[in-house]
Amino acid sequence: MEEPPCREEPPACQEEEDMSQSNVVGLSLCDSAPLLWRVQDLKTVRVQGLVGALLGSLPRTPRQNGRLGRPLLLLPEEERLLSEHQAAAALPASNQDGVGEEICQWVEKYREEQQRSFVEQSVLALEDRKSALLQAMTSSHTGSHAGPGTSAKALQGRLEALDRSFSFPRSAMAVQLSTVRAGLTYCPKDRAFLQADWPIRAQYSPHCDIRYQVFRDLSGRGFYLTSAGKFGGDFLVYPGDPLRFHAHFIAVCLSLDEAVPLLDLLSVARLGSNVKKTVLLCSPGPDGGVRYTSLQWSGMV
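Glancing now at the environment of glutamate 78. Residue placement: glutamate 78 occurs in helix α3 (residues 76–84). If we ignore the near neighbours within four places in the chain, the residues touching glutamate 78 are Leu50, Val51, Gly52, Phe215 and Leu225. Reaching out from glutamate 78, the side chain makes a polar contact with the backbone nitrogen of leucine 75 at a distance of 2.9 Å.

Below, the structure is given as structure tokens:
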């Protein structure tokens, strides 16, 4: 059994100093899912080696799912790491009632802007319809033998009828997506709520605690981690930014006294070999460290 290659680990004091000097990111909790909306927060966590997963669609190409945009969904371990370093905060539930009136004002303002936009688009749509009708009737009368007076009178009647019967459906209205300022605001008044002196999560299950200890140890070694559910593990471990590197390891988090069936070990080892990755069995020790055991499939004997 061999230990995983370890990158140069920065001193603990230096790591804590870097985390304390970083900006506090604002978490927008959707039920139990921690989301990041601001571009500044996405850059901050990326510099710290936290990847997450983008969920939103891009404004210019909303119907494709190959490239995604904000919000960024954080892993529970990523959120816990940020909260322990006091680098993340969310609006407490007790403070949400205080901003209820302000939220209602913003909703009313949004509705007024939507109504004004609907009226403007209705006028523009009517002008476009009149222009198309004028062009069509002018071209049709040019090729016919009707007199100019008759054609002008017919055109005027069609335009008046269009004014009376035209209706612009609200479903056809173009809507501007407010993606630049989505999520938490940049206003200093609202920014004052972001005080990261309280725990975001209070309780964790034993397996979640094991996963977090492994996540914290590997992150401290300089690795980047993402979810590995489709590979049968807990984390995919990258030697650098996932945009530049492929994952080298599939981390499976286990306790030291947990019994693992042999068939499970064979299946995960063979899966790792098929995708050209090394499987790591990661078990936190009583001394606070994490013990790693690597598995590689070499065939049947």
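There's plenty left to go through after this.
A complete count under the given rule lists zero disulfides for this structure. Cysteine cysteine 253 shares no disulfide, and the gap to the nearest cysteine sulfur, in cysteine 282, comes to 5.3 Å. Accessibility expressed as a relative area gives 2% for cysteine 253, which makes it buried. Owing to a relative accessible area of 0%, cysteine 282 belongs among the buried residues under this scheme.

Our next topic: the packing of aromatic side chains. Counted according to the given criterion, the structure contains three aromatic pairs. Centre to centre, the rings of phenylalanine 215 and phenylalanine 235 are 5.7 Å apart; their planes meet at 50°, and the pair counts as tilted. With phenylalanine 215 in helix α8 (residues 206–220) and phenylalanine 235 in strand β8 (residues 235–238), this residue pair connects regions lying 20 residues apart in the sequence. Accessibility classification places phenylalanine 215 together with phenylalanine 235 in one group, the buried group. Summarising the aromatic geometry, the rings of phenylalanine 223 and phenylalanine 249 are spaced 6.4 Å apart at their centres and angled 90° between planes, so their arrangement reads as edge-to-face. Residue phenylalanine 223 is located in the loop between α8 and β7 (224–227), and its partner phenylalanine 249 is located in strand β9 (residues 249–253); the two are separated by 26 residues in the primary sequence.

For the rest of this paragraph, the subject is the pattern of salt bridges. Tallied over the entire structure, the rule returns nine salt bridges. With a closest N to O distance of 3.7 Å, arginine 80 and glutamate 84 form a salt bridge. Linking arginine 80 with glutamate 84, this pair stays in helix α3, spanning four residues, or about one helical turn. You can call arginine 80 buried: its relative accessible area is 11%. Taking relative accessible area as the criterion, glutamate 84 reaches 42% and is therefore assigned partly exposed. A network of salt bridges, in which partner residues are shared, links Arg80, Glu84, Asp209 and Arg216.

The next point concerns the nonpolar core. With 29 residues, the main nonpolar core has Leu36 and Leu82 as its most contacted residues. Breaking this core down by element, the ones donating at least two residues are α2 (39–47), α3, α8, β8, β9, β10 (278–284) and β11 (290–295). Per-element tally for this core: the top contributor is α8, with five residues. What leucine 36 contacts, discounting residues up to four positions off in sequence, is Val25, Gly26, Leu27, Asp41, Leu42, Val45, Pro71, Leu72 and Leu74. By size, the runner-up hydrophobic cluster in this structure holds eleven residues, among which are Met137, Leu155, Phe166 and Met173.

Reading across the sheet, the four strands line up as β2-β3-β5-β4 and stay open at both edges, with antiparallel pairing between neighbours. Looking at strand neighbours, the two that pair on one side only are β2 (28–30) and β4 (53–56), the edges of this open sheet. Neighbouring strand axes in the sheet, compared pairwise and without regard to direction, differ in orientation by 45° on average. By the bridge criterion, three bridges tie β4 to strand β5 (residues 69–73) in an arrangement that is antiparallel. Bridging from a neighbouring strand, alanine 53 pairs with leucine 73 of β5. In the packing of α2 onto the sheet, the strands contacted are β3 (33–36), β4 and β5, and the crossing angle to β5 comes to about 50°.

Reading the values: rules and limits
- Residues numbered from 1 in each chain as written.
- Predicted model: local features only at pLDDT ≥ 70, side-chain atom pairs only at ≥ 80, totals over all residues.
- Heavy atoms only, no water.
- Helix = DSSP H or I, 4+ residues; strand = E, 2+ residues; numbered from the N terminus.
- Contact = heavy atoms within 4.5 Å.
- Polar contact = N/O pair within 3.5 Å; in protein donor to acceptor, adjacent residues only side chain to side chain.
- Disulfide = S-S within 2.5 Å.
- Buried < 20%, exposed > 50% of the residue type's maximum accessible area, 1.4 Å probe, protein only.
- Phe/Tyr/Trp six-rings, centres within 6.5 Å; stacked < 30°, edge-to-face > 60°.
- Salt bridge = Lys/Arg side-chain N within 4 Å of Asp/Glu carboxyl O.
- Core = buried A, V, L, I, M, F, W, Y, C linked by side-chain atoms within 4.5 Å.
- Pairing = 2+ DSSP bridges.
- Axes fitted to C-alpha atoms, helices over the stretch in contact; angles between N-to-C directions.

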